[in-house]
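# Observations on the model geometry
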Amino acid sequence: PYRQYANVESAVKETSAKTSVAKALPLVSVIIPFLNEADVLAACHLRVCEALSKLKQHCEVIYIDDGSNDNSWELVSHFKHPLHQIRSLRLSRNFGKEAAMSAGMKVATGRCTILLDADLQDPPEYIPDMVQAWQDGAQVVEMQRRERHGESWAKRTTAHCFYRFMSKISDHPITENVGDFRLMDRKVVNVINTLPERTRFMKGLLAWPGFTRKILTFDRDPRLAGNTKWNYPKLIHLALEGITSFSTKPLRWATMAGLITSAIAFIMALVIFTKTLVWGNPVAGYPSTILIVLFLGGIQLLSIGVLGEYVGRLFIESKQRPLYVLMEDTMTKPTFKYSDS
Ligand code: UDP
Ligand code: MG
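Residues numbered from 1 in each chain as written. Chains lettered and ligands numbered in written order. Predicted model: local features only at pLDDT ≥ 70, side-chain atom pairs only at ≥ 80, totals over all residues.

## Considerations on the site of ligand 1
For ligand 1, the set of nearby residues contains 17 residues, the closest of which are L35, D66, A118, T228 and K229. Of all elements in the fold, only β1 (28-34) and α5 (97-107) reach the threshold of two or more residues within the shell around ligand 1. Class assignment of the residues belonging to the shell around ligand 1 gives a composition of 6 nonpolar, 4 polar and 7 charged. (Near = placed C-beta within 6 Å. Helix = DSSP H or I, 4+ residues; strand = E, 2+ residues; numbered from the N terminus. Nonpolar A, V, L, I, M, F, W, Y, C, P; charged D, E, K, R; others polar.)

Next up, the structure:
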């Protein structure tokens, strides 16, 4: 006897969910990179596992220690849960959150993957809603911040301007106010894992594969404890990384600036030449000379700087160094099984 399905979509969904391969894989992999978060990790673990238990299926949590020098690793490497697999990776030093997330995505085995901050600014309580949106067909579920609690006016405005600028110059749109907190289907994670670049601007990389997306909004909480690991020099670095790794438009602008100044110089040469012919050459014009020299010098330095940013990144890419180095890798398996998984 054949089973009757309401429509093709539900047939595909149910049959693929029932194959033994799909059943053996965790439903969700939650990836949590952290750096010196000993104050919040225990609370984080509790809340994440609680949220996962609502899904009633076997899941996986991956912690990545990005070179902490407090006792975060001692804490995390002892985490376990009766129903979920807990894996902890330790990088050999601080490689940056981007590299830590990439390490997590490489080892994740879940049918979908969620990126989460350890400081609980991205509330784990949204995980069931995200998984629901994924089960309803979205391959990427982006979490958009409605309010940015606990962030200064200056940070909010600069972030807003940056998103505006990026979406102007980038070929693939980046949704404003969506951080790393998001869910991605296995297919999307597989694509991201094949992207080889070393300068990893995650917001751009994560948006690059495309796929069907859904945006959910949430209120971002203030940090539970500890301090932000970001400062303005780091943010400027991140912004430059984003711009240079996703667009060559600044190079185009440098060319345009060169063209425009050359055109202006040509017109001025004609004007000055005729003026000298008609009225002779009384020595004057020191201010205009110095102005033009400084202006051209400025544009040249700026253009060389822009060029240098790209050449520097070529240099780093050409070395082909690994993104991160793993020092330790521990895993605790669940002791119980969900009856239906
Ligand atoms: N983080 C990391 N490596 C770093 C910096 C930060 O793994 O080099 C982690 C950090 O522990 C936290 C998350 O990335 O879990 C977000 O960092 P943070 O809260 O400092 O940034 P903010 O939320 O202020 O943007
Ligand atoms: Mg934070």
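## Points about unusual backbone geometry
In this model, K56 sits at a positive phi of 60°, which is unusual for a non-glycine residue. Topologically, K56 is positioned in the loop between α3 (38-53) and β2 (60-65). The class of K56 is partly exposed, set by 14 C-beta atoms lying within 10 Å. For F211, which is not glycine, the phi dihedral falls at a positive 70°. Looking at where F211 falls in the secondary structure, it is placed in the loop between α9 (202-207) and β7 (213-220). (Buried ≥ 20, exposed ≤ 12 C-beta atoms within 10 Å, placed from the backbone.)

## Quick look at the UniProt feature "transmembrane region" (unreviewed entry) in the chain
Sequence positions flagged by UniProt for "transmembrane region" (unreviewed entry) are, in local numbering, residues 253-274 and 286-311. Secondary structure within residues 253-274 divides into 100% helix and 0% strand; the distance between the first and last C-alpha atoms comes to 32 Å. (UniProt positions renumbered as here; feature names shortened; annotations may be inferred.)

## A word on the nonpolar core
Counting residues in each nonpolar core, the largest one holds 61 residues, and the members touching the most others are V30, I31, I32, I62 and I114. Per element, the largest residue contribution to this core is 7 residues, and it comes from α3. Each residue touching I114, except ones within four places of it in the same chain, is listed here: V28, V30, I31, I127, M130 and L183. (Core = buried A, V, L, I, M, F, W, Y, C linked by C-beta atoms within 7 Å. Contact = placed C-beta atoms within 7 Å.)

## With respect to the packing of helix α11 (residues 249-279) against helix α12 (residues 286-318)
In contact at an axis separation of 9 Å, α11 and α12 are set at 160° when each is read in the N-to-C sense. Relative to α12, the element α11 lies roughly antiparallel. By crossing handedness, the relation of α11 to α12 is classed as left-handed. Contacts between α11 and α12 pair P250, L251, A254, A257, G258 and T261 from the former with L296, I299, S303, V306, L307 and Y310 from the latter. (Axes fitted to C-alpha atoms, helices over the stretch in contact; angles between N-to-C directions. Parallel < 35°, antiparallel > 145°, perpendicular 65-115°, else oblique. Left-handed = near helix turned anticlockwise from the far one by under 90°.)

## Observations regarding the environment of A99
For A99, the location among the structural elements is in helix α5. We classify A99 as buried; it has 22 C-beta atoms within 10 Å. Along the chain, A99 and V325 lie 226 residues apart, while their C-alpha atoms are 9.5 Å from each other.

## Overview of α5
Burial within α5 is extensive, with 9 of its 11 residues counted as buried. Taken together, the buried positions of α5 are K97, E98, A99, A100, M101, S102, A103, G104 and M105.

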